[in-house]
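One letter stands for each residue in the lines below.
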Amino acid sequence: MRAFAPTPAPRETLPSYVGRLAAYKGVTAQNLCCDMGVSIRRMLHHEPYALECLAKWGHLTDIQIDEMLSWTGRICGDARMLFRGEIYISRSLRNPVVRGCPKCLWEDLTAPDQPLAETMVMRGDWLFREVSVCLQHNHPLVALWDVPRSTDRYDIKKQMNFIHEKLLAKSLEQDLVEPSPYDLWLDRRLECGEDSTWLAETPLAAGAIMCRYLGRELFRLRAQGVPPDADLTRVAQNEGFDILSKGPEAFRSALNQLAENADGFLDEPAKAFGKVYTYIANDRPEDTALDAFRHILRDTILDIWPLGPGDEILGHKLKARKLHSVRSAVKQAGIKPDLMTKILIEHGAVSETDLRPDSRKTFPAQKFGWLVDAAADLVRPRAMRSILGATQSELAALEEERVLIPFVSDPDVRLRWRRKDGTVLLKKLTASASPIKPDDMDWEGFIQARKRGGFKIAELISFAKRGDLSVGLRGGEKAFRNIAFPRKELDVIRGARNSLVSGLVSVSEFGRSVGLRAGEIEKLVRAGHVEASTFVHPETGRDQLRMSSVGIAKFHRRFVTISTLARETGKHRNSIRTILRSGRVAPHASRGESFGNVWLRKSVEHLFRGKPT
């Protein structure tokens, strides 16, 4: 016996069932709705009364109605639909182009003892634009009809009659495809909501669209490896899914790869990340479903692009800068790019081998931001002399003795002095100074003390800091040229220093006495094997290494040379060399550095015990 109405098929949409019920009754879908007392528009909008009528005429349960609605999509707000338990953007489910699987429809068409329009079923998974293949037949979804007006578009009985001949001729069929992991994941999510990937917590529509967009951007990097006849949408979907299914680190790595490929002068995030960026930033800026992707994309951008305080990125306004670029540093410091680059290279902020444009050549702002502030404070020599109140020769002396070190080491650069260094030094030098008469001849300045007494500027500063030397300021004006010291106090210090130096032996002189060259004995001192102190030579004013009697005694206790062995043993130098060669004892060396013909005493003394002279 013929049933009262057709039974809903698995995944069937509500318009599909209305069309089959109309065919069953021998009328059009529009006339069926009129007979039920509703318009087809009210039925397509799922108004409660229209659904009640459909349930009555189709002998349907509430469960059957709800199941069809879940595969159809129920309007639930402004351009939003509830589909399979999740919220979707309407346009991802509603489109003038209606797609389907021709093999499914062919099987419906050829069902035995059933009228054409009563059997052909439109499946709900075909509605979602991110679905591209029928897993039942491994056939790509194809366009069945393109109808702008929704009441005509969803008159399934009417549209099925239009494509009947095409189905019979199998002209809609295409080559079968192998389902991808993306296809299987998407179908499983739609069917029962199961998901074991990182995308499980992400709404399906957002996750599927992100797969396609990310895959499309990655596809740009390696498009040459894709067969020419490949479906690029399916390739992109699976490529993106392969990344996103693995988790946040894989997504972050893919973003970094895209960013590395976009290192041009004007390559900003929108260009580097393409549709991934525009989808998150512009298309769906307030969609919380994309928050997991948004946070990772924002962090990646902040790790690569030099955004500053107040800049807004993906809805987040920055309070502090994370990265500077050469370009942003130049803008903030107000100096030329070449000088800024020189400063950054000199202090290790950027590499000399980094060939990226200035807008992409970045460095950590927290660690190296002080360089930008310092660069903004740079002045030329004339300005520095004005700050210090110093002459050209006085500034040269300060630089020579490294009391005042140029911020930029290159002497060819004019803008190399930092204003702050000059003001701090002058404040330090004049802090304890007392006013003296401008023409007081019992006082002399740095340069006069340097020439007359061989004092170094750093020495004079140290003496003054310890309180061993009074400081005066001619006329009370704070300027380097006006700082002076009492001649009598300088003479006392000079006399005491000369007395101390006279009791010491210069390192070079001691080296000659034991048969070592000046460079060899100085290497021993620098390596810490020999004790010596630096003194200023009373005549030349130059630094000189000198050894005390204690240091000399320590040398002889630890080391021997050909000369000292000759004096100790009475043997000829050639005999000593022969004994050392036969004993195969190598001269002393440390960390790969040699110091000439000097041996550890403990390593050779056994060779000379009991040897006749």
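First, a word on scope: everything that follows refers to the structure included in this document. (Residues numbered from 1 in each chain as written. Predicted model: local features only at pLDDT ≥ 70, side-chain atom pairs only at ≥ 80, totals over all residues. Heavy atoms only, no water.)

### Things to note about the overall build of the protein
Link 1 in the chain: When you go through the protein residue by residue, the secondary structure sums to 30 helices and 24 strands.
Link 2 in the chain: For 613 residues, the compact-globule formula gives about 25 Å, and the C-alpha radius of gyration of the protein, at 45 Å, lies well above that figure.
Link 3 in the chain: Judged by the C-alpha coordinates and their principal axes, the protein covers about 135 × 75 × 40 Å.
Link 4 in the chain: Counting only residues that meet the buried cut, the protein has 49% of its 613 residues in that class. (Helix = DSSP H or I, 4+ residues; strand = E, 2+ residues; numbered from the N terminus. Rg over C-alpha atoms; globule rule 2.2 N^0.38 Å. Buried < 20%, exposed > 50% of the residue type's maximum accessible area, 1.4 Å probe, protein only.)

### Examining the sheet that holds strand β15 (residues 443-445)
Link 1 in the chain: Judged by pairing direction, the sheet is mixed, and its 4 strands sit side by side in the order β14-β16-β17-β15 without closing on themselves. Since the sheet does not close on itself, it has two edges, and those belong to β14 (434-436) and β15, each with one partner. Across this sheet, the average inter-strand angle for adjacent strands is 45°, counted without regard to direction.
Link 2 in the chain: Sheet topology note: the β14/strand β16 (residues 472-474) ladder contains 3 bridges and is parallel. Paired with Pro435 across the strands is Leu473, a residue of β16. (Pairing = 2+ DSSP bridges. Axes fitted to C-alpha atoms, helices over the stretch in contact; angles between N-to-C directions.)

### What to know about the side chain of Glu217
Link 1 in the chain: Within the secondary structure layout, Glu217 lies in helix α11 (residues 204-221).
Link 2 in the chain: The class of Glu217 is buried, set by a relative accessible area of 4%.
Link 3 in the chain: Polar side-chain contacts of Glu217 include one of 2.7 Å to the side chain of Arg220.
Link 4 in the chain: Within the local environment of Glu217, its side chain forms a polar contact with the backbone nitrogen of Lys275, the two atoms lying 3.1 Å apart.
Link 5 in the chain: Ignoring anything within four residues of it in the chain, the contact list for Glu217 reads Leu258, Phe273, Gly274, Lys275 and Val276. (Polar contact = N/O pair within 3.5 Å; in protein donor to acceptor, adjacent residues only side chain to side chain. Contact = heavy atoms within 4.5 Å.)

### Details of the pattern of salt bridges
Link 1 in the chain: Scanning the model with the defined rule gives 37 salt bridges in all.
Link 2 in the chain: Among the ionic pairs, Glu191 bridges to Arg11, the shortest N-O distance being 2.7 Å. Residue Glu191 is found in helix α10 (residues 181-192), and its partner Arg11 is found in the segment before α1 (14-25); the two are separated by 180 residues along the sequence.
Link 3 in the chain: What makes Arg11 buried here is its relative accessible area of 16%.
Link 4 in the chain: Note that Lys322 is salt-bridged to Asp303, the shortest N-O span being 2.3 Å. Here Lys322 is found in the loop between β9 (316-317) and β10 (323-325), whereas its partner Asp303 is found in helix α15 (residues 291-304), with 19 residues between them in sequence.
Link 5 in the chain: Counted as one network, the salt bridges with shared partners bring together Arg11, Asp125, Asp187 and Glu191. (Salt bridge = Lys/Arg side-chain N within 4 Å of Asp/Glu carboxyl O.)

### Structural notes on the sheet that holds strand β3 (residues 86-89)
Link 1 in the chain: If you trace the 3 strands from one edge of the open sheet to the other, you get β1-β2-β3, paired in antiparallel fashion. Looking along the sheet, the strands with just one partner apiece sit at the ends: β1 (74-77) and β3. When the angles between neighbouring strand axes are averaged without regard to direction, this sheet yields 45°.
Link 2 in the chain: Pairing between strand β2 (residues 80-83) and β3: 4 bridges, direction antiparallel. Residue pairing in the sheet places Leu82 in a bridge with Ile87 of β3.

### Focus on the packing of aromatic side chains
Link 1 in the chain: Throughout the structure, instances matching the rule amount to 16 aromatic pairs.
Link 2 in the chain: Ring centres of Tyr182 and Trp185 lie 5.8 Å apart, and the angle between their planes is 45°; on these two criteria the pair is classed as tilted. Here Tyr182 pairs with Trp185, and both are found in helix α10, just 3 residues apart, close to one helical turn.
Link 3 in the chain: With centroids separated by 5.6 Å and ring planes inclined at 85°, the aromatic side chains of Trp198 and Phe293 adopt a geometry described as edge-to-face. Of this pair, Trp198 sits in the loop between α10 and α11 while Phe293 sits in helix α15, placing them 95 residues apart in sequence.
Link 4 in the chain: An aromatic cluster is defined as three or more aromatic residues linked by ring pairs; in this entry it consists of Trp71, Phe83, Tyr88 and Phe128.
Link 5 in the chain: Cation over ring: Lys170 sits above Trp106, and NZ or CZ is 4.9 Å from the ring centre. (Phe/Tyr/Trp six-rings, centres within 6.5 Å; stacked < 30°, edge-to-face > 60°. Lys NZ or Arg CZ within 6 Å of the ring centre and 35° of its normal.)

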